[in-house]
Amino acid sequence: MSHIVIIGGGFAGVWSAAAAARVRGDEKDLRITLVAPDEDLVLRPLLHRLDPDGSRVPLKRILAPVDVEHLRAAVTRIDTAGRRIVADGRSIGYDRLVLAAGSRLTRPGLPGAEQLFDVDTAEGTARLEARLRGRDGFTAVVVGAGFTGLEVATELASRGNVVLVERSDVIGPDLGPGPRPVIEAALAELGVRTRLGTSLAAVDGEGAVLADGTRIAADAVVWTAGVLASPLTSQIPGDRDRLGRLVVDRWLRVSGDVFAAGDIAAAHADPDHHVLQSCQHAIPMGKVAGHNAAADLLGLPLMDFAPDPYVTCLDLGAAGAVTTAGWEREVRLTGAEAKERKDMILNAIRPPVDDAEEILRKAGERGAGTRR
Ligand SMILES: Cc1cc2nc3c(=O)[nH]c(=O)nc-3n(C[C@H](O)[C@H](O)[C@H](O)COP(=O)(O)OP(=O)(O)OC[C@H]3O[C@@H](n4cnc5c(N)ncnc54)[C@H](O)[C@@H]3O)c2cc1C
């Protein structure tokens, strides 16, 4: 019997599994195993809303209906020459591998870094929520005014005082000038104080110390800056980009029997741009990688990765949201209308559960991404 192994139970891994199952159809000799340590898919784009339990979907309700096995384990070794992985001490052979182990926030090496909070994982979010619960009028310092920093800062602003620290001289340096006036107006409306052109130097029980020597008394310091691909990439021969992502071809193949999808893979979104670490890209990449891993094994034609045009939707807490279109991020919707779109997207990224037909149908939908 042939075996497809998928590493990772995030958006990319789950949709790889469903797409591979779709291509398998009634083929009895193809086994599909998804290896991931958690029992849930964590909907990371919901984490800034500080509802960790509402951000989980049990993997078994997605995988079992489409006959994909879930091995609850963490992969520690990948041997591409021997076509084997090692997960929690067990050696498992594969015929095709889909690497979808995602990304993680990198913590800075500064004094007190272990006291930093984050919204990168469900556990991190639960820890922050527990810290702030019952502390009316709390002060939180949010470090990094990128996508995640802006979403968590504006969310927290309706419950307490927020200071947003950004090393660059502008808000949302990676978002570009397009949506910046809308974001700045939202921060002003919500009373979020900003400290631009400086970074975090240290954290202690009292709060944050900035590089310019300023001390900010705070109940929590939330770190959001810098996300890197899983270190498992170092075990796969191939080129990597500055985010540690494996370079893949138009079929999302790294080389030989190995495909990669989601935050771990640097694919071209179009001839001039690479994908972003977003589920807007992770979902369709997962579908293409899973499809291709199964198609390759069964001698069927492979599918090109061709995502929908790039768009974003940034949550701005009680000030609504902002949506943009294109790589220049031209503003399309703001305020309540954009917020409605954000809520719709956050709902749409929940995979169907318990219904094999619907899961397989969705796995065959192209594009079908979400927007960040
Ligand atoms: C706060 C926040 C807000 C976001 N908001 C948006 C948004 O609005 N829109 C948007 O498009 N994107 C957003 N993103 C980004 C989006 O969540 C990610 O791009 C997406 O989750 C990537 O999916 P993935 O499957 O590639 O990886 P991940 O979600 O990182 O999943 C990786 C999976 O691999 C597993 N894994 C890791 N290591 C191993 C191992 N060694 N062995 C086995 N399994 C392993 C993990 O347990 C996990 O199941 C946000 C992210 C965060 C943190």
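As the structure is a computational prediction, the values presented were derived from the model and not from experiment. (Residues numbered from 1 in each chain as written. Predicted model: local features only at pLDDT ≥ 70, side-chain atom pairs only at ≥ 80, totals over all residues. Heavy atoms only, no water.)

**Here's the deal with the overall build of the protein**
- In terms of helices and strands, the protein carries eight helices and 27 strands.
- A principal-axis box enclosing the C-alpha atoms of the protein has dimensions of 60 × 45 × 35 Å.
- Among the 372 residues that make up the protein, the fraction classed as buried is 53%.
- A sequence separation of at least 24 residues applies to 63% of the contacts in the protein between residues at least 6 apart.
- Working note: accessible area of the protein is about 15,700 Å², and carbon and sulfur atoms make up 48% of it. (Helix = DSSP H or I, 4+ residues; strand = E, 2+ residues; numbered from the N terminus. Buried < 20%, exposed > 50% of the residue type's maximum accessible area, 1.4 Å probe, protein only. Contact = heavy atoms within 4.5 Å. Areas by Shrake-Rupley, 256 points an atom, 1.4 Å probe, with all protein chains shown as cover.)

**Observations concerning the packing of helix H1 (residues 11-24) against helix H8 (residues 356-363)**
- Close contact between H1 and H8 brings their axes to 8 Å; oriented N to C, the two are set at 100°. As far as their axial angle goes, H8 and H1 are roughly perpendicular. Contacts from Trp15, Ala18, Ala19, Ala21 and Arg22 in H1 reach Ile359, Leu360, Lys362 and Ala363 in H8.
- Grouping the constituent residues of the contact of H1 with H8 by class yields seven nonpolar, no polar and two charged. (Axes fitted to C-alpha atoms, helices over the stretch in contact; angles between N-to-C directions. Parallel < 35°, antiparallel > 145°, perpendicular 65-115°, else oblique. Nonpolar A, V, L, I, M, F, W, Y, C, P; charged D, E, K, R; others polar.)

**Considerations on empty space enclosed by the protein**
- Taken as a whole and judged by the stated rule, the model has two cavities of 30 Å³ or more.
- Empty space within the largest cavity amounts to approximately 130 Å³.
- Considering the residues around the largest cavity, the lining is formed by 17 residues, among which Lys287, Val288, Met303, Glu365 and Arg366 are closest to the centre.
- Looking at the lining of the largest cavity, the elements with two or more residues in it are H1 and helix H6 (279-298).
- Ranked by residues supplied to the lining of the largest cavity, first place goes to H6 with four residues.
- By residue class, the composition of the lining of the largest cavity is nine nonpolar, three polar and five charged. (1 Å grid on protein atoms, 1.4 Å probe; cavity = no way out; pocket = protein on both sides within 12 Å on 5 of 7 lines; lining within 4 Å. Points joined across faces, edges and corners; volume = space filled by probe spheres on them.)

**Structural notes on the domain arrangement of the protein**
- Taken domain by domain, the protein comprises domain 1 (2-104 + 227-309 + 355-362) and domain 2 (107-223).
- When each unit is reduced to the centre of its C-alpha atoms, the spacing between domain 1 and domain 2 is 32 Å.
- At the interface, 10 residues of domain 1 touch 14 residues of domain 2.
- Taken together, both faces of the contact between domain 1 and domain 2 bury some 1,100 Å²; the carbon and sulfur share is 62%.
- Of all residues in domain 1, the largest losses of buried area upon contact with domain 2 belong to Leu47, His48 and Leu50, amounting jointly to 55% of the total for that side.
- Applying the counting rule to domain 1 against domain 2 returns three salt bridges.
- Of the charged contacts in the structure, one is a salt bridge between Arg44 and Asp120, with a shortest N-O distance of 2.7 Å.
- Counting across the interface, domain 1 meets domain 2 through two residue pairs in polar contact (both at pLDDT 80 or more).
- Here the side of domain 1 that touches domain 2 is built from residues that sort into four nonpolar, one polar and five charged. (Domains from an automatic or database assignment. Buried area = accessible area lost by both parts, 1.4 Å probe. Salt bridge = Lys/Arg side-chain N within 4 Å of Asp/Glu carboxyl O. Polar contact = N/O pair within 3.5 Å; in protein donor to acceptor, adjacent residues only side chain to side chain.)

**Details of the pairing of strand S14 (residues 200-204)**
- Note that S14 and strand S15 (residues 207-210) share four bridges and pair antiparallel. Of the residues in S15, the one forming a bridge with Asp204 is Gly207.
- Following S14, the chain reverses through two residues before pairing antiparallel with S15. (Pairing = 2+ DSSP bridges.)

**Overview of the nonpolar core**
- Ranked by internal contacts, the top residues of the largest apolar core, which has 72 residues, are Ile7, Ile78, Ile85 and Leu99.
- The dominant element in this core, judged by the number of residues it contributes, is H1, at 10 residues. (Core = buried A, V, L, I, M, F, W, Y, C linked by side-chain atoms within 4.5 Å.)

**Observations concerning the state of the cysteines**
- Within this structure, the stated rule accounts for zero disulfides.
- Take Cys279: it sits in no disulfide, and the sulfur closest to it among the cysteines is that of Cys313, at 11 Å.
- Residue class for Cys313 comes out buried when judged on its relative accessible area of 1%. (Disulfide = S-S within 2.5 Å.)

**Quick look at the sheet that holds strand S26 (residues 321-325)**
- Pairing is antiparallel across the open sheet formed by three strands, whose spatial order is S25-S26-S27. Where the open sheet ends on each side, the last strands, each with one partner, are strand S25 (311-315) and strand S27 (330-334). Within the sheet, the average angular offset between the axes of one strand and its neighbour, ignoring direction, is 25°.
- Pairing analysis gives four bridges linking S26 to S27, with the strands arranged antiparallel. Residue Ala325 lies in a different strand from S27, and its bridge partner there is Glu330.

**A word on the packing of H1 against H6**
- One can describe the packing of H1 onto H6 by two numbers: an axis separation of 7 Å at closest approach and a directional angle of 35°. Seen from above, H1 lies across H6 with right-handed handedness. In this structure, H1 uses Phe11, Ala12, Trp15, Ser16, Ala19, Ala20, Val23 and Arg24 to contact H6, whose residues at the interface are Cys279, Ala282, Ile283, Gly286, Lys287, Ala289, Gly290, His291, Ala294, Ala295 and Leu298.
- Looking at the contact of H1 with H6 residue by residue, the classes come out as 13 nonpolar, four polar and two charged. (Left-handed = near helix turned anticlockwise from the far one by under 90°.)

**A word on the confidence of the model for the protein**
- Residues of the protein with pLDDT of at least 70 account for 98%, and the chain-wide mean is 96.
- Confidence drops under a pLDDT of 50 for residues 368-372, and excluding neighbours within four residues, the segment shows 26 contacts in the predicted structure. (pLDDT = per-residue confidence, 0-100.)

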